[in-house]
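Fold and contact review
Letter by letter, the chains look like this.
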Amino acid sequence: MAVAAILRAFALALGQMRDRRFLRVLLLGVGLTLALLVAACAGWLWLVQAFVGPEIYLPFFGKVSWLSDLLSGASLLLMLILSSFLMVPVASLITSFFLEDVAQAVEARHYPEAAATGSPGLLDSLRDTLGFLGVLLAANLLAVLLYLVFMPFALLIFWGLNGFLLGREYFTLAAARHVGRPEAKRLRRKHFLTLWGAGILMAAPLSLPLVNLFIPVLGAAVFTHLFQTIRPLRGPSAGTYQDRAR
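Here's the deal with the environment of Ala139
Mapping Ala139 onto the fold places it in helix H5 (residues 122-149). Given the relative accessible area of 19%, Ala139 is considered buried. Distance in space between the C-alpha atoms of Ala139 and Leu161 is 7.9 Å, their sequence separation being 22 residues. With near-sequence residues (within four places) excluded, Ala139 lies in contact with Leu161 and Leu165.

See the structure below:
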């Protein structure tokens, strides 16, 4: 039953990826990420130019004007390399603020009778998003040791770890909108293996360029379907998100 529920959730989520609300969240996340990274590169180059200036005095060389160009070129190359690594986590961070729209789109199409009665505020979303990003980065940094020790199994460790974290986060996001965080955590523990399996399927394409940018949107949709499949009671929940979070 768990495997069938996971496959159904993925099939329905993929079938709705062309939904305007899905594409809007994806384009907003990627667009704002690119704008942020370009601004960061431009700001760093400006700082290099401001501190070095057009000319600088070097011992034995005297005044040179090429050092500024050299540092600017090296800085630009470094920023481009860093941007390639930062693209996915930054895009995930920005996209996370709009995932409520994805969950609403899924429920409007497939579960109109069970739509959420509340949604997290900006501060709640910011707290949850930054908390998840911190755990994700810290866990993967610590996992580097495991990758080195168990190198033949590095990919499996990566999938298992990130599958657990992604399943945990996205199910909590989907469930807390209806039943609050305490009940979402209880359901998460009860259906641990199902959520972990779905998370592993999402973690597998994380290493694929461009494809990994779809993961936040896909994850929000998949776990909204999973929550609606395993939720204990049908029908709208009472209270607001803030009330249920207490």
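Details of the side chain of His178
Inspection of the secondary structure assignment puts His178 in helix H6 (residues 154-190). Here the side chain of His178 touches Glu107 through a polar contact of 2.5 Å, side chain to side chain. At 3.5 Å, the side chain of His178 and the side chain of Gln228 are in polar contact.

Brief notes about the packing of aromatic side chains
Counting across every chain of the model gives three aromatic pairs. Aromatic rings pair up to connect Phe164, Phe192 and Trp196 into one cluster.

A few points about the packing of helix H4 (residues 99-110) against helix H8 (residues 215-230)
Their axes nearest at 9 Å, the elements H4 and H8 cross at an angle of 45 degrees. In terms of orientation, H4 and H8 fall into the oblique class. Once H4 is placed against H8, the crossing between them reads as right-handed. On the side of H4, the interface is formed by Leu99, Val102, Ala103, Val106, Glu107 and His110, while H8 contributes Pro216, Val217, Ala220, Ala221, Thr224, His225 and Gln228.

Examining the nonpolar core
If you look at the biggest cluster of nonpolar residues, it comprises 44 residues, and the most contacted ones within it are Phe22, Val102, Leu166, Phe171, Val222, Phe223 and Leu226. For this core, the leading source of residues is H8, giving 10 residues. Residues contacting Phe171, with those up to four places away along its chain left out, are Ala184, Leu187, Arg188, Leu195, Phe223, Phe227 and Ile230.

Remarks on the confidence of the model for the protein chain
Mean pLDDT over the protein chain works out to 77, with 70% of the residues at or above the 70 mark. Under a pLDDT of 50 for its full length, residues 233-246 has, in the predicted model, 39 contacts with residues more than four places off or in other chains.

Looking at the environment of Ser96
Relative to the assigned elements, Ser96 resides in helix H3 (residues 66-96). A relative accessible area of 17% means that Ser96 is categorised as buried. C-alpha separation for the pair Ser96 and Leu173, spaced 77 residues apart in sequence, amounts to 9.8 Å.

Some remarks on the packing of H6 against helix H7 (residues 192-203)
Each pair of packed helices gets described by two things: the angle between the helix axes and the distance between those axes. At a closest axis distance of 6 Å, the pairing of H6 and H7 adopts a crossing angle of 130 degrees. Taken together, the axis directions place H6 and H7 in an arrangement best described as oblique. Seen from above, H6 lies across H7 with right-handed handedness. Split by residue class, the contact of H6 with H7 holds 12 nonpolar, five polar and three charged.

Criteria and cut-off values
Residues numbered from 1 in each chain as written. Predicted model: local features only at pLDDT ≥ 70, side-chain atom pairs only at ≥ 80, totals over all residues. Heavy atoms only, no water. Helix = DSSP H or I, 4+ residues; strand = E, 2+ residues; numbered from the N terminus. Buried < 20%, exposed > 50% of the residue type's maximum accessible area, 1.4 Å probe, protein only. Contact = heavy atoms within 4.5 Å. Polar contact = N/O pair within 3.5 Å; in protein donor to acceptor, adjacent residues only side chain to side chain. Phe/Tyr/Trp six-rings, centres within 6.5 Å; stacked < 30°, edge-to-face > 60°. Axes fitted to C-alpha atoms, helices over the stretch in contact; angles between N-to-C directions. Parallel < 35°, antiparallel > 145°, perpendicular 65-115°, else oblique. Left-handed = near helix turned anticlockwise from the far one by under 90°. Core = buried A, V, L, I, M, F, W, Y, C linked by side-chain atoms within 4.5 Å. pLDDT = per-residue confidence, 0-100. Nonpolar A, V, L, I, M, F, W, Y, C, P; charged D, E, K, R; others polar.

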